[in-house]
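Here's the letter readout for the chains.
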Amino acid sequence: MVKKLRKKFVVTAMLSLLLILVIMIGVINIINVRHVISEADNLLTMLADNDGYFPNLKKNMMFDPENPDNPVNQNMPASDSASSESTTDQASSETSNSVNAPRPGDPNNPFQFDRLNNNRDAEMPYQTRYFWVKLDSSDNITEVNFGHIAAVSEEIASEYAIDVAKEGKQHGYYHTYRYIVSTKDDGSKLIIFADQSAAILNALTLLLQSVLVGLCALIAMFILVYIFSSQAVAPVVESLEKQKRFITDAGHELKTPLAVISANVDVLEIESGKSEWTTSIKNQVSRMNGLVKNLLTLSRMDEERMHVVFSDFDMSKTVKDTAISFEALATSKGKKYQMDIEDGIHITGDKNAINQLASLLLDNAMKYSSENGSIHVLLNKGNKYITFEVSNTCDSIPSGNLDRLFDRFYRADSSRARETGGYGIGLSVARAIANSHGGSIEALRDGDKIIRFVVTLPKELPKNLQKK
């Protein structure tokens, strides 16, 4: 029991943490990706509004891919470009200094947001890698500017622009480039591509790092939860142990007075004869004996290391003998009783427990089947599992999850349970017996008037039970 509680606690805690980490990592990376796209779109929109250039740079200035630090005039002959180099540098420097004059502040503090934003805006034209292509209204290329990027030639730029124009989208991704299509009033187009390789790599790096941090946190949390899980479930374990101890002690204490009462009633019947009073007392004693037996069985089944000897026995014969003992009772109540029990089915288990399992399911069917209804007992085997099923007709099947029927002291119809003498514990014992043999039991609806209790048991005993 302690191991099961610890396992459930650890699994629940780890699943909760995993869900939180997945949500956090997902939100962080989604926000980052949206920020990258937003920054790229803002940059492209600014370039599109300025005909493919940054606002404070002259249109006739471009960057030479072989010497990107020195802008050259597109309209100036190559022989004159060298002579104008100093003039261009001076103009560029003056422009930069006039726009981005340094502000006073602590030189040892790198987190001065005004200066950071100022420097970023000043350096953006020299850090941004982009190219643009102009097309006329017939999508013929009229101009290509690839001077701000080294990885693209004029042919590649033209090819990319034609492909984007054919797609008809206004913005999107083309390979690692974010693009925007600006359409003029005359139908001509300006298609600008911004290289997003660095941003995409940074996004992937953030994703990888966040996943690794999440995994480390998950592993660390698992170690801590596993170490402290025993302390976390200790109060629950203590309460369950006290409950089991009480049930066991109460069961044993009740056995003696019940035996005395039964013996005294027998003496009274010998001396004075049977009467309705002695018969009533014997019936109530019998009910109490059954309740005590089931309570002790549940307490015994809850033990992790209960001393049960499993042996090979003929399950077909055991189930058939139990089913035959209920046949006369079914006939006396006017119920249709049918048995389909395959012969020669052997199982390794506790013979007395399987006998009690069959008795509990058949007794439940007798108590809760409809008047003049039918009861069907089925036993067969498959490749790996043995199926034992008891079904019966009933006036109404409980709504909702039928798994509640196996809860201790649960009764779907309290008035009917009082009439039949049920305590709502028999099916709990049946589930405990099935689980102790490595199997399972479930309640199924078959239409509106038939309920089936299906027990599935393994033909070969699981290894964890073979040690018992």
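The structure presented is a predicted model; accordingly, all values stated were derived computationally and were not measured. (Residues numbered from 1 in each chain as written. Predicted model: local features only at pLDDT ≥ 70, side-chain atom pairs only at ≥ 80, totals over all residues. Heavy atoms only, no water.)

Student: Whenever I open this one, the side chain of Ser436 confuses me. Can you help?
Tutor: Note on placement: Ser436 falls in helix 11 (residues 426-436). With a relative accessible area of 8%, Ser436 lands in the buried category. A distance of 2.7 Å separates a polar side-chain atom of Ser436 from the backbone oxygen of Ile433. (Helix = DSSP H or I, 4+ residues; strand = E, 2+ residues; numbered from the N terminus. Buried < 20%, exposed > 50% of the residue type's maximum accessible area, 1.4 Å probe, protein only. Polar contact = N/O pair within 3.5 Å; in protein donor to acceptor, adjacent residues only side chain to side chain.)

Student: Sorry if this is basic, but what is going on with unusual backbone geometry here?
Tutor: Leaving glycine out, the prevailing phi sign among residues is negative, and the prevailing peptide bond configuration is trans. The backbone of Asp139 shows a phi angle near 65°, a positive value even though the residue is not glycine. Under the relative-accessibility criterion, Asp139 is labelled partly exposed at 28%. Here Asn372, not a glycine, exhibits a phi torsion of approximately 60°, which is positive. With respect to the helices and strands, Asn372 occurs in the loop between helix 9 (351-368) and strand 11 (374-381).

Student: Got a minute to help me understand the nonpolar core in this structure?
Tutor: Taken as a class, soluble globular proteins show a tendency for nonpolar side chains to be buried jointly. Formed by 45 residues in total, the largest nonpolar core has its most connected members in Met315, Tyr337, Leu361, Leu379, Phe388, Phe453 and Val455. If we skip the residues at most four places from it in the chain, Leu361 touches Phe388, Val390, Leu427, Ala430, Ile441, Phe453 and Val455. Of all hydrophobic cores here, the second largest spans 17 residues; its members include Val133, Ala157, Tyr174 and Val181. (Core = buried A, V, L, I, M, F, W, Y, C linked by side-chain atoms within 4.5 Å. Contact = heavy atoms within 4.5 Å.)

Student: What is the right way to look at the confidence of the model for the protein in this model?
Tutor: Any segment with low pLDDT has predicted coordinates that should not be analysed in fine detail. Of all residues in the protein, 80% attain a pLDDT of 70 or more, and the chain-wide mean is 81. The least confident element of the protein, judged by mean pLDDT, is helix 2 (residues 78-81) at 40; the most confident is strand 7 (residues 189-195) at 95. (pLDDT = per-residue confidence, 0-100.)

Student: Help me understand helix 9, please; the structure alone is not making it clear to me.
Tutor: For the α-helix, the turn length of 3.6 residues means that residues three or four positions removed from each other point alike. The terminal C-alpha atoms of helix 9, which comprises 18 residues, lie 26 Å apart, in line with the 26 Å expected from a rise of 1.5 Å per residue. Regarding helix 9, the residues found buried are Ala353, Ile354, Gln356, Leu357, Ala358, Leu360, Leu361, Leu362, Asn364, Ala365 and Met366. Of the residues flanking the start of helix 9, the one acting as N-cap is Asp350, its side-chain oxygen 3.3 Å from the backbone nitrogen of Asn352. (Expected span 1.5 Å × (residues − 1).)

Student: In this structure, what is going on with the sheet that holds strand 3 (residues 130-135)? I would like to understand it.
Tutor: Whenever strands of a sheet pair, they do so through backbone hydrogen bonds, lying parallel or antiparallel. With respect to topology, 5 strands assemble into an open sheet ordered 4-3-7-6-5, the strand pairing being antiparallel. Looking at the sheet topology across the chains shown, the edges are occupied by strand 4 (141-148) and strand 5 (171-174). Put simply, the sheet's adjacent strands are angled 20° from each other on average, direction ignored. Bridging between strand 3 and strand 4 involves 5 bridges; their strand directions are antiparallel. Across the sheet, the residue bridging to Trp132 is Asn145, located in strand 4. (Pairing = 2+ DSSP bridges. Axes fitted to C-alpha atoms, helices over the stretch in contact; angles between N-to-C directions.)

Student: Just to check I follow, could you spell out a nonpolar patch on the surface for this structure?
Tutor: A cluster of nonpolar side chains, namely Leu201, Leu204, Leu207, Leu208, Val211, Leu212 and Leu215, defines an oily patch on the protein surface of about 630 Å² accessible area. Mapped onto the elements of the fold, Leu208 is located in helix 6 (residues 197-272). (Patch = residues over 30% accessible without salt bridge, like charges linked within 9 Å, V, L, I, M, F, W, Y side chains within 5 Å. Areas by Shrake-Rupley, 256 points an atom, 1.4 Å probe, with all protein chains shown as cover. Salt bridge = Lys/Arg side-chain N within 4 Å of Asp/Glu carboxyl O.)

Student: In this structure, what is going on with the pairing of strand 3? I would like to understand it.
Tutor: Across a regular strand the side chains alternate sides, sitting on one face of the sheet and then on the other. With 6 of 6 residues buried, strand 3 lies mostly within the body of the structure. What sits between the antiparallel neighbours strand 3 and strand 4 is a turn of 5 residues, in which Asp139 has the positive phi angle 65°. For strand 3 and strand 7, the ladder comprises 6 bridges, and the chain directions are antiparallel. Pairing of Tyr130 across the sheet is with Ala194, part of strand 7.

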